[in-house]
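So the chains spell out like this:
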Amino acid sequence: MNPTYILTLSCPDRTGIVHAVSGFLLERGGNIEEAAQYNDHDTGLFFMRVQFACAVSAADLNAQLTAFAEPFAMKWELHTSEQPMRSIIMVSKEGHCLNDLLFRVKSGLLPLEVRAIISNHRDFYQLAASYNIPFHHIPLTAATKAQAEAKQMEIIEAEGAELVVLARYMQILSDDLCRKLSGKAINIHHSFLPSFKGAKPYYQAHDRGVKLIGATAHYVTADLDEGPIIEQDVARADHSKTVEDLTAMGRDTESQVLARAVKWHSEHRVLLNGHKTVIFK
C-alpha cells in the first residue's frame, strides 16, 4: 500500500492552481483521497489542503514540490498522515483539559504522540505516570522565569515536539518563547460576554448573571490571548446556575474546544491567514 501524504499550501490567487496541483500529483501516480480549497477575496490568497496516496518517497516529493511551487510563490508543507504529531502538554493546577487530551490520545481519537508533560506544579505527576509519560516539574517565579523557560525549550527541542499545548498552563509566556513557538503552540482560555479577567472568572460571571459562557482555543502570540483563533464554543446559562454549575460547564466547554483545535492542527487542517485561520474540517 502506498504511503499517504498531506499537502497544505497558500499562494497569491490565480487561475489554474487546482489544475496544476492535481496534474503534479497525477504525473507521479498520486491518488487524491481528500481535497479542499479556499479563495480569500479580501487578501487575494488561495489556500489548499490535499490528502493523497503516492508511491514516490517523501524526500523526492519535497524536492519536486520545491521546483513546482516557485512559479506560484507558494508556501507549502508536506506531511505523512500516518505519523502522529509529537507533542508536549503544559499544565498548572487545573487538570480537566490535560485529562481529556490524554484520554483521547489513549483512545485513538487524537493523532498525537505526547512526549512529555511540563508543569510549574507537581499536582499531575501521578496522572502522567499512569499514561507512562515523562513529567517535568519546573517551578517558575518572576525571578526564575528566563531559566525556567530555557529548560522548557530544551525539553521541547529534545523531544522534537511539533506542537505545544497549553492545557490551562497559567503562566504568561515571554515574547521570546512566543516567537520560538510561533504557529505550533495552542492555548485555551475561558471567554465570556462580557469578558472577565483575573482570578475566579466564574464567580465574576455568576455575580453578573451571564447567559453565555464559553471558551476559545488560539495560537500563542506575544499579544496575550490575541493569537489567531482556531475554535470557539459557548454554553447557555440562566439564573438557576450556581458558581459550581458554571465552573463545570466552563471546564467541559474548554476541554471540547481545545480537543477540536488540537485535532484539526494535528491533522494539518489549520492554515494561518495573517491574524486569522483557514480551517479545512
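What counts as what
- Residues numbered from 1 in each chain as written.
- Predicted model: local features only at pLDDT ≥ 70, side-chain atom pairs only at ≥ 80, totals over all residues.
- Heavy atoms only, no water.
- Helix = DSSP H or I, 4+ residues; strand = E, 2+ residues; numbered from the N terminus.
- Rg over C-alpha atoms; globule rule 2.2 N^0.38 Å.
- Buried < 20%, exposed > 50% of the residue type's maximum accessible area, 1.4 Å probe, protein only.
- Contact = heavy atoms within 4.5 Å.
- Areas by Shrake-Rupley, 256 points an atom, 1.4 Å probe, with all protein chains shown as cover.
- 1 Å grid on protein atoms, 1.4 Å probe; cavity = no way out; pocket = protein on both sides within 12 Å on 5 of 7 lines; lining within 4 Å.
- Points joined across faces, edges and corners; volume = space filled by probe spheres on them.
- Core = buried A, V, L, I, M, F, W, Y, C linked by side-chain atoms within 4.5 Å.
- Axes fitted to C-alpha atoms, helices over the stretch in contact; angles between N-to-C directions.
- Parallel < 35°, antiparallel > 145°, perpendicular 65-115°, else oblique.
- Left-handed = near helix turned anticlockwise from the far one by under 90°.
- Nonpolar A, V, L, I, M, F, W, Y, C, P; charged D, E, K, R; others polar.
- Patch = residues over 30% accessible without salt bridge, like charges linked within 9 Å, V, L, I, M, F, W, Y side chains within 5 Å.
- Salt bridge = Lys/Arg side-chain N within 4 Å of Asp/Glu carboxyl O.
- Lys, Arg positive; Asp, Glu negative; His and termini not counted.
- Charge placed at Lys NZ, Arg CZ, Asp CG, Glu CD.
- Phe/Tyr/Trp six-rings, centres within 6.5 Å; stacked < 30°, edge-to-face > 60°.
- Lys NZ or Arg CZ within 6 Å of the ring centre and 35° of its normal.
- Polar contact = N/O pair within 3.5 Å; in protein donor to acceptor, adjacent residues only side chain to side chain.
- Expected span 1.5 Å × (residues − 1).

Asker: Please set out the overall build of the protein residue by residue, giving values where relevant.
Answerer: When helices and strands are tallied, the protein shows 8 helices and 13 strands. Relative to the compact-globule value of 19 Å for 281 residues, the protein shows a C-alpha radius of gyration of 21 Å, a close match. When burial is assessed residue by residue, the protein has 47% of its 281 residues classed as buried. Intrachain contacts of the protein at a sequence separation of at least 6 include 66% that bridge at least 24 residues. On the protein, roughly 14300 Å² of surface is accessible, and the fraction owed to carbon and sulfur atoms is 51%.

Asker: Break down the layout of surface pockets for me, citing the residues and quoting the values.
Answerer: The calculated volume of the largest pocket comes to roughly 1000 Å³. Along the walls of the largest pocket sit 40 residues, with Arg 168, Met 170, His 189, His 190 and Asp 225 positioned nearest its centre. Looking at the lining of the largest pocket, the elements that each hand over two or more residues are β9 (185-192), α7 (201-208), β10 (212-219) and α8 (243-266). Looking at the lining of the largest pocket element by element, the count peaks at 6 residues for β9. For the second largest pocket, the calculated volume is near 530 Å³.

Asker: Can you lay out the nonpolar core for me, pointing to particular residues and giving the numbers?
Answerer: Ile 89, Leu 101, Ile 117, Ile 186, Leu 258 and Val 262 are the most contacted members of the largest nonpolar core, which has 32 residues in total. Secondary structure elements with two or more residues in this core: β5 (85-91), α3 (96-106), β6 (112-119), α4 (125-130), β8 (163-166), β9, β10 and α8. At 6 residues, the largest contribution of residues to this core is made by α8. Aside from chain neighbours lying at most four places away, what touches Leu 258 is Cys 97, Leu 101, Val 165, Ala 167, Ile 186, Ile 188 and Ala 217. Tyr 5, Ala 20, Leu 25 and Phe 52 belong to the second largest nonpolar core, which has 22 residues in total.

Asker: Explain the packing of α3 against α8 to me, and be specific about the residues and the numbers.
Answerer: In contact at an axis separation of 9 Å, α3 and α8 are set at 45° when each is read in the N-to-C sense. Comparing their axes, α8 and α3 come out oblique. Judged by the twist between their axes, the crossing of α3 over α8 is right-handed. Residues His 96, Cys 97, Asp 100, Leu 101 and Arg 104 of α3 form the contact with α8, whose own contacting residues are Arg 251, Glu 254, Ser 255, Gln 256, Leu 258, Ala 259 and Val 262. Looking at the contact of α3 with α8 residue by residue, the classes come out as 5 nonpolar, 3 polar and 4 charged.

Asker: Tell me about a negative patch on the surface, and please be specific about residues and values.
Answerer: On the surface, Asp 175, Asp 223, Asp 225 and Glu 226 cluster together to form a negatively charged patch. Following the sequence through the fold, Asp 223 ends up in the loop between β10 and β11 (229-236).

Asker: Pulling in residues and values, what's your account of the environment of Leu 246?
Answerer: Inspection of the secondary structure puts Leu 246 in helix α8. Judged by its relative accessible area of 3%, Leu 246 is buried. Separated by 33 residues in sequence, Leu 246 and Ile 213 have C-alpha atoms that sit 7.7 Å apart. Those residues in contact with Leu 246, other than ones at most four positions away along the chain, are Tyr 202, Ala 205, His 206, Ile 213, Ala 237 and Lys 241.

Asker: Tell me about the packing of aromatic side chains, residues and numbers included.
Answerer: Taken as a whole and assessed by the stated rule, the structure comprises 4 aromatic pairs. A connected cluster of aromatic rings, assembled from ring pairs, spans Phe 24, Phe 68 and Phe 72. When the ring centre of Phe 24 is taken as reference, the NZ or CZ atom of Arg 28 above it lies at 3.8 Å. Lys 200 extends its terminal NZ or CZ atom over the ring of Tyr 203, reaching a point 5.0 Å from the ring centre.

Asker: So what's going on with the side chain of Arg 269? Which residues, and what values?
Answerer: Along the polypeptide, Arg 269 turns up in the loop between α8 and β12 (270-273). Side-chain polar atoms of Arg 269 contact the side chain of Glu 267, separated by 2.8 Å.

Asker: Go over α8 with me, naming the residues and quoting the values.
Answerer: Between its terminal C-alpha atoms α8 stretches 34 Å, which fits the 34 Å expected from 24 residues at 1.5 Å a residue. Following α8 by one or two positions, His 268 adopts a phi angle in the positive range, close to 60°.

Asker: Could you give me a rundown of the side chain of Glu 254, with the residues and numbers involved?
Answerer: Relative to the helices and strands, Glu 254 resides in helix α8. The exposure class of Glu 254 is buried, given its relative accessible area of 1%. For Glu 254, the residues in contact, after removing those within four places along its chain, are His 96, Cys 97, Arg 168, Ile 188, His 190, Tyr 202 and Ala 215.

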